[in-house]
Each structure stands twice: as C-alpha cells, then as structure tokens.
Amino acid sequence: MSSRLDDVDLSLQIGDKKEYNKTLKKWQIRLLGLQQALRTSGHALLIAFEGWDASGKGGAIKRLTAPLDPRGFRVYSIGPPTDEEKRHHYLWRFWTHLPAVGEIVIFDRSWYGRVLVERVEGFCRDVEWQRAYEEINSFERQLADSGVLVLKFWLHISDEEQLRRFREREQDPLKSWKIGSEDWRNRAKRPAYLTAAEDMFRKTDTKHCPWRLVSAEHKWNGRIEVIKTVVEELESILGKHKAEPVEATEDPVTGAT
C-alpha cells in the first residue's frame, strides 16, 4: 500500500526572506479580517496540529495567531492526560475546550493521540485505539454539522531533517528545552508512528474533515501553507460574511512598517 506521506513534495520552499515576509504579511492581514467576520457568522473554527516532533507546529501556530485579536482565540498544548481527565472518555478533555460561536481554538496535538502515541506506546488497549477511528469520525461529524470548521494539519518532514533539527536544538542554549530523551525515544520508533499515521489518514480522512498534509521540510513553506489554507477555508464557509482585505500600517509580527 502506497504511503500518503510519500506524495508530499518536501522540496517546496519560499525564495528568500523578503518574499517570505511579504507573503506571510499578506495572508496574516486577510486572516485578521476573517477573524472579525467569523464573530458574527454563526460559525467557529477548530484547528488541530499533528506531525513529527520538530516539524514546526509551534512556529506555524505562532505565525497563525500573531495578527489575531487575542480575545477571539485560544491555544491548547496537549500533553499526557491528568488524573481527572483519565477518569473520563478520552474525548472529554477536548469537548470541554471546543470553540464557542465566533471563536477560534487551536490544539497543538489533539484527540488523534489515541491512534498515534497511545497506540504506539501501548497506553491503551488494542480494542480502544481500533474503535477510536469511528469515535473520532463521529465527533468531527457532529462538530461540522453544528457549524464548526475543523481543519486538521499534519506537518511532514523527512527523517534526515528531523535529525538535523534535533541536533540543532541540543546545541542551541535557547532551544535545548525543546529536546529531551522522550523525543529521541519517539524518533527511534518512527517506523511504528509512520504505520499508525498512515492508518489514521486512511480511516479518518473524510469529506467533511479531510487531512491537510503540509510540506514543512522548509519551515517558511510550512507556515505559509498553513495560514493560506486557513484563510481559504474560512473564506469558503463565510461566503457573504467574507471580510474585505484590510490595510496594515505595520507588520503584525515584527511591528515594522
């Protein structure tokens, strides 16, 4: 069976920093206008990020949220469940953080942990992760039917690029906190995670909630691809509510004009 990740073109990249900054600013301005339109549209936006360790999820989220009104979005970084969360169905902790109408919620890791890390690491029984595909599809179907736009991103990088980023993090005092023994252990199990990811794509890539596989080998390309997709999908559901482009007097990230 062919791998969907093999079809991701990892050669995609932005020409230079000037082009990257210009393109990023353009999409960020459009996103800001759409956030304002979302508030009165009757819809909400839920974004889930998955992908390899060091694939750039945090950087993409930072650029995605940089231009937004902080009163209109929330970001959750998902780690191991707490004792309280373990007492409930695994989807419970996500239900409690879903976006209200007009709001944006972003998950850095998501409910797909059940069929990825929990499957690979043996944190749940086989029968539990095997039935999770149907549970997740039902969960997302309910969200879509209630007016929530659900966007699922998988940020993809090669094995070689991941190794390079791991070593870079170890050597940089400002990034060393991002790398630990758990990351190296997970990397050693990459083949098992690849199998789990391909099963996940095959069983949860639905018409109402498809997977977006992002080429993140070059970080700038990954960031632009994410924010561009968010803007285009928001525009498609907002329709008449779509905001007109707004003028910016300064860069939403750096503050430069």
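Preceding this paragraph is the structure being described.
Figured I'd write up the structure that's included with this text.

Cut-offs used in this document
- What you see as residue numbers is a count from 1 along each chain, following the sequence as written.
- This being a predicted model, a pLDDT of at least 70 is required before a residue's local features are given, and a value of 80 or more before pairs of side-chain atoms are given or counted; all residues contribute to the totals for chains, interfaces and linings.
- As a rule here, side-chain values come from all non-hydrogen atoms in the structure, and water together with hydrogens is ignored.
- We call a set of buried Ala, Val, Leu, Ile, Met, Phe, Trp, Tyr and Cys residues a nonpolar core when their side-chain atoms join them within 4.5 Å.
- Between buried and exposed lies partly exposed: a residue is buried under 20% and exposed over 50% of the maximum accessible area for its type, with that area taken using a 1.4 Å probe on protein chains only.
- Here a residue-residue contact requires only that any non-hydrogen atoms of the pair lie within 4.5 Å.
- Only runs of H or I of at least four residues qualify as helices and only runs of E of at least two qualify as strands under DSSP, and these elements are numbered from the N terminus.
- We define a polar contact as two N or O atoms separated by no more than 3.5 Å, with the added condition that, inside protein, one atom must be a possible hydrogen donor and the other a possible acceptor, whereas residues neighbouring each other in sequence contribute only through side-chain atom pairs.
- The criterion for an aromatic pair is that two Phe, Tyr or Trp rings (for Trp, the six-membered ring) have centres within 6.5 Å, with stacked assigned to planes under 30 degrees apart, edge-to-face to planes over 60 apart and tilted to the rest.
- Here, a salt bridge means any side-chain nitrogen of Lys or Arg that lies within 4 Å of a carboxyl oxygen of Asp or Glu.

Focus on the nonpolar core
At step 1: Membership of the largest hydrophobic core comes to 67 residues, with the highest contact counts inside it found for Phe49, Trp111 and Trp154.
At step 2: Setting aside residues up to four positions removed in sequence, Trp154 forms contacts with Leu5, Glu50, Gly51, Trp52, Leu116, Ala197, Met200, Phe201, Trp211, Arg212, Leu213 and Val214.

Observations regarding helix 2 (residues 57-65)
At step 1: Counting buried residues along helix 2, seven of its nine residues qualify, which places the element largely inside the surrounding structure.
At step 2: For helix 2, the set of buried residues is Lys57, Gly59, Ala60, Ile61, Arg63, Leu64 and Thr65.

With respect to the side chain of Ser215
At step 1: For Ser215, the position within the fold is in strand 5 (residues 211-215).
At step 2: A distance of 2.6 Å separates a polar atom in the side chain of Ser215 from the backbone oxygen of Asp9.
At step 3: The residues contacting Ser215, other than those within four sequence positions of it, are Val8, Asp9, Leu10, Leu12, His156, Asn221, Gly222 and Glu225.

Topic: the packing of aromatic side chains
At step 1: Within the structure shown, the criterion is met by 15 aromatic pairs.
At step 2: Where Phe49 meets Phe153, the ring centres are 5.4 Å apart and the plane angle is 20°; that geometry is what we call stacked. Here Phe49, found in strand 1 (residues 44-51), pairs with Phe153, found in strand 4 (residues 148-156); they are 104 residues apart in sequence, far enough to count as distant.
At step 3: With centroids separated by 5.1 Å and ring planes inclined at 80°, the aromatic side chains of Phe166 and Trp184 adopt a geometry described as edge-to-face. With Phe166 in helix 7 (residues 159-171) and Trp184 in helix 8 (residues 181-188), the pair connects residues that are 18 residues apart, well separated along the chain.
At step 4: You can call Phe166 buried: its relative accessible area is 0%.
At step 5: Since its relative accessible area comes to 29%, Trp184 is described here as partly exposed.

Some points on the environment of Trp211
At step 1: Tracing the sequence through the fold places Trp211 in strand 5.
At step 2: By relative accessible area, which is 5% here, Trp211 ends up buried.
At step 3: Considered as a pair, Trp211 and Phe153 are 58 residues apart in the sequence and their alpha carbons are 6.1 Å apart.
At step 4: Filtering out sequence-adjacent residues up to four positions away, Trp211 remains in contact with Arg4, Glu50, Tyr112, Lys152, Phe153, Trp154, Met200, Phe201, Thr204 and Asp205.
At step 5: A distance of 2.9 Å separates a polar atom in the side chain of Trp211 from a polar atom in the side chain of Thr204.

Considerations on the pattern of salt bridges
At step 1: Evaluated as defined, the whole model comprises 25 salt bridges.
At step 2: With a shortest N-O distance of 2.7 Å, Glu161 and Arg165 are connected by a salt bridge. Residue Glu161 and its partner Arg165 are both found in helix 7; the two are separated by four residues, about one turn of the helix.
At step 3: In this structure Glu161 comes out as buried when scored by relative accessible area, which is 11%.
At step 4: Notably, a salt bridge pairs Glu233 with Arg212, separated by 3.3 Å at the nearest N-O pair. Remark: Arg212 occurs in strand 5 and Glu233 occurs in helix 10 (residues 219-238); sequence separation between them is 21 residues.
At step 5: A network of salt bridges, in which partner residues are shared, links Glu161, Arg164, Arg165, Glu168 and Lys175.

Side note on unusual backbone geometry
For residues besides glycine, phi is generally negative; the peptide bonds are generally trans as well.
At step 1: The backbone phi angle of Ala54 is positive, close to 70°, even though this residue is not glycine.
At step 2: Examined against the element boundaries, Ala54 turns out to sit in the loop between strand 1 and helix 2.
At step 3: One non-glycine residue, Arg109, adopts positive backbone phi at about 80°.
At step 4: Looking at the element boundaries, Arg109 is found in the loop between strand 3 (104-108) and helix 5 (117-121).
At step 5: Overall, Arg109 belongs to the partly exposed group, its relative accessible area being 22%.

Taken by themselves, the reported measurements are silent on function.
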